[in-house]
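# An overview of the molecular structure
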Amino acid sequence: MKCLLIASESAQVLFYWTDLEFEVSLRQRFENLLEQHREMSPAFEDSINTLFAPLLISCITLNEKISDTYTSFVSENNYLFVLHQFGECTYVAVNGDGSENEDDLRRKIFVLKKIIDVCFGLVTLDKSILKKKLRPQDTEQRSKVWKMLQNLLITYSHLREEDQSFLVEAVERLIHPQLCEQCIEFLDRQVVQQINSSMERVNEEVVHSFILVHTKLLAFFSSRNASSLRTSDLLLLILIAQDLYPSDSDLEALTVEDLENAPVTEEVNAPELSLGAHGEEDTVESSLCTSQLTNSVIQVAEETQQPSLLSGSSAPKRVFLDASLKDNYCPMMPHNMYCLSLWPGISLVLLTKQMSSSHVAVSLYQLLDAFSVLEAKLNDGQELGHSSRIYPNMPDLRQRMEKFVKAVGVQKRQLQSAWVDFKNKAFSKPDAGSSQELLQACRNVKSQLCLVYQQYFLLKPAGDSQHLSLNLQTKILKIVQEKLMDWKDFLLVKSKRNTTVISYLKDFPGLIHFIYVDRTVGQMIAPSLNVSEKSTELGKGPLASFIKSKVWSLVGMGRRYLQKGYTTLTFRDGDYYCCYFLWFENESGYKLPVIELPVLSDDSAPIGILTGDYYRKLLRYYGKNHSLEVIKCFELLTIHLGVIPTEFIIQQCSDLARRLWEPSRIPIL
């Protein structure tokens, strides 16, 4: 029984999601509100508000009176509640069946916050606008927004339970260097360049393009004008793609059936790939992989081989991602995301920017950041600093704001009015207004800037068609399908057996499973765990599921000890021996000395990259004393048979890390 909701400072529920069991229980509590179906109705929303009102009011009161509140508790009926405050919004996660612990619920809260940031951008800085975005007055629109967020949460929960890349929050590449290299070249010459030189792209420019096989990354290419894409953003884009095009169950069944008949060895004769421009043909030779498939393996149903043309709306999804432009930075730069389904399980994703509006987003972020700092200082009773050494520099802020107000023109009269009011209070004589009046004027300017951001990037004008044409999207889709037609079956199987532990057993006897993560670039390598298959390299029946549960448990335990400052964990678990290591290296691979890591509180952001990018902060923390070196961070988790002597296991872990280090140096971005 699970529930997750967001409430405003007035205890009004802005968004909620419940599983079926929790909803049935709740409807039984409010028998007068029973309905025959699960559609969201005002009555059921009222029941949610009524049920959680005492809890929300209690949290809000405690926060107002003592500036503190509880972060978790267990009710009399053993329901676990976890709460977290983001600004003036209270997030509440509930579990009533014991399937999730406190860390799981807190992680889900932070992931939901990340999803909302990516979907709505900088308007999340203004509570009134965010409230309208999460809970529109129009019931149909509200249902649409809530359904979108609910589906993303459901997809995330499923992937975290089934996919190792979402478990450790790192990107997994399909390991086939020659094919990846050819696809990157193809994305450059025949996708990105072709779109960016077309008249049908309107005002958009493709900055990133990548091909996904389920959740695994086949190839990634960025244009010259693109800023780097953070791994946390890339992982969330993979989540959105999976939500748009979930794995096809019928195709999965075919794949499983053929995998059972395929002998597990170490070679595969991969098909030749033609990726040359203007009719030129390049071929990829056969290479070592992790399973051997005969020509008869994976005969996909005939209908899945037909070109999958675009269906429905060709309009992109607006997403807000971290970006840098020359010397400027914007944590929520607006992009358009096009996700084109090549075949079930294989997608092409294009990220575009409207170059003419990018500088507007940067200017709005800089101004919003400055006014947010001013608001915090005024709220704490501090005086405004007019020195050039104090941020924000008031004379500079005034100049930039004047320039921006003039640039947006008379259409934004409310922004002009709010800015004039703030100017009169901030730059006139000290007795012109009280500190509370200045604080309110600062908030008004900030709110108007968020409205401008919304009008530019979230409200679509009537008749607006400023995106790639349907004809251009269809053309690109067909080109990519033609180039990958001979490879699609191989790719679908490869995604199931990307890496197998069998290929490591000769050098590492007793090794059951491992996960290796390069936290500097956010990549991972791990043997596949496909417990849904009737036959796997881990055996049949419950054994594969048992090993999977051990892996998920080890990841959770490693994070708990890392939160306490430990970088090494080894322990015996029944018939198995489990290890977790985190270490730092310089660019040449030399292991750096261990340092004392900061201990995190129990209510801090969960360790990961979707919940606050812990590892990026960790690298900055370690790099304070190594300013002249490029610092890299790695993690290794292993499970061995318990009969192997401990000293051999530790030596194997060291050798395994050295063996896996080289492939991790191949960049994906």
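Residues numbered from 1 in each chain as written. Predicted model: local features only at pLDDT ≥ 70, side-chain atom pairs only at ≥ 80, totals over all residues. Heavy atoms only, no water.

## Details of the overall build of the protein
Check the secondary structure of the protein and you find 19 helices and 18 strands. For the protein, the proportion of its 669 residues judged to be buried stands at 53%. Residue pairs in contact within the protein that sit at least 24 positions apart in sequence constitute 70% of those at least 6 positions apart. For the protein, the accessible surface area stands at approximately 31100 Å², while carbon and sulfur atoms represent 50% of it. (Helix = DSSP H or I, 4+ residues; strand = E, 2+ residues; numbered from the N terminus. Buried < 20%, exposed > 50% of the residue type's maximum accessible area, 1.4 Å probe, protein only. Contact = heavy atoms within 4.5 Å. Areas by Shrake-Rupley, 256 points an atom, 1.4 Å probe, with all protein chains shown as cover.)

## Comments concerning helix α3 (residues 102–120)
With 19 residues, α3 should cover 27 Å at 1.5 Å per step; its first-to-last C-alpha distance of 27 Å lies within 8% of that length. The element α3 is largely enclosed, with a buried count of 16 among its 19 residues. Capping of α3 at its N-terminal end is provided by Asn101; its side-chain oxygen lies 3.1 Å from the backbone amide nitrogen of Asp103. Gly121 sits one or two residues past α3 and shows a positive phi near 70°. (Expected span 1.5 Å × (residues − 1). Polar contact = N/O pair within 3.5 Å; in protein donor to acceptor, adjacent residues only side chain to side chain.)

## A closer look at the pattern of salt bridges
Enumeration over the complete set of coordinates arrives at 23 salt bridges. Note that Asp103 and Arg107 form a salt bridge whose closest N and O atoms lie 3.7 Å from each other. Of this pair, Asp103 and Arg107 both sit in helix α3, four residues apart, roughly one helical turn. The partner of Glu172 in a salt bridge is Lys216, and the shortest N-O contact between them spans 3.9 Å. With Glu172 in strand β6 (residues 171–172) and Lys216 in strand β8 (residues 216–222), the pair connects residues that are 44 residues apart, well separated along the chain. Across the pair, exposure class does not vary: Glu172 and Lys216 are buried alike. Here the salt bridges share partners, and the residues they tie into one network are Glu9, Glu88 and Lys127. (Salt bridge = Lys/Arg side-chain N within 4 Å of Asp/Glu carboxyl O.)

## So, the side chain of Thr567
Inspection of the secondary structure puts Thr567 in the loop between α17 (542–563) and β16 (568–573). Residue Thr567 is classed as buried on the basis of its relative accessible area of 12%. Among residues more than four places away in sequence, those in contact with Thr567 are Tyr580, Phe581, Leu582, Val594 and Leu597.

## Here we look at the state of the cysteines
On inspection of all chains with the given rule, the structure shows zero disulfides. Distance from the sulfur of Cys579, which forms no disulfide, to the nearest cysteine sulfur (Cys653) is 4.2 Å. Here Cys579 falls in the buried class, since its relative accessible area comes to 0%. (Disulfide = S-S within 2.5 Å.)

## Things to note about the sheet that holds strand β13 (residues 346–354)
Two modes of strand pairing occur in sheets, parallel and antiparallel, and in both the strands are linked by backbone hydrogen bonds. Pairing in this open sheet of five strands is antiparallel, and the strands run β8-β7-β13-β12-β11 from one edge to the other. The open sheet has two edge strands, β8 and β11 (317–325), and neither has a second partner. Here the average twist between neighbouring strands, direction ignored, is 30°. Sheet topology note: the strand β7 (residues 204–213)/β8 ladder contains six bridges and is antiparallel. The residue bridging Ser209 from the neighbouring strand is Phe221, located in β8. On the sheet, helix α8 (residues 231–244) packs against β7, β8, β11, β12 (328–343) and β13 and is oriented at approximately 165° with respect to β11. (Pairing = 2+ DSSP bridges. Axes fitted to C-alpha atoms, helices over the stretch in contact; angles between N-to-C directions.)

## Examining the packing of helix α12 (residues 413–426) against helix α13 (residues 435–457)
Their axes nearest at 9 Å, the elements α12 and α13 cross at an angle of 155°. It follows from the interaxial angle that α12 and α13 lie roughly antiparallel. Viewed along their axes, α12 and α13 form a crossing whose handedness is left-handed. Seen from α12, the contacting residues are Gln414, Leu415, Ala418, Trp419, Asp421, Phe422, Lys425 and Ala426; seen from α13, they are Glu437, Leu438, Ala441, Cys442, Asn444, Val445, Gln448, Leu449 and Val452. Looking at side-chain class alone, the contact of α12 with α13 contains 11 nonpolar, three polar and three charged residues. (Parallel < 35°, antiparallel > 145°, perpendicular 65-115°, else oblique. Left-handed = near helix turned anticlockwise from the far one by under 90°. Nonpolar A, V, L, I, M, F, W, Y, C, P; charged D, E, K, R; others polar.)

## A word on the sheet that holds strand β4 (residues 80–86)
Judged by pairing direction, the sheet is antiparallel, and its five strands sit side by side in the order β2-β1-β5-β4-β3 without closing on themselves. Strands with a single pairing partner mark the edges of an open sheet, and in this sheet they are β2 (13–18) and β3 (72–74). Pairs of neighbouring strands in the sheet enclose a mean axial angle of 15°, with direction left out of account. Sheet analysis places β4 next to strand β5 (residues 89–95), joined by seven bridges and oriented antiparallel. Bridge assignment links Leu83 to a residue of β5, and that residue is Val92. α3 contacts β1 (2–7), β2, β3, β4 and β5 of the sheet and is inclined by roughly 35° relative to β4.

## Here we look at the pairing of β2
Among the six residues of β2, six are classified as buried, and the element is accordingly described as predominantly covered. The sheet contact formed by β1 and β2 spans five bridges and is antiparallel. Paired with Ile6 across the strands is Phe15, a residue of β2. Connecting β1 to the next strand, β2, in antiparallel fashion are five residues, including Ala11 with a positive phi near 70°.

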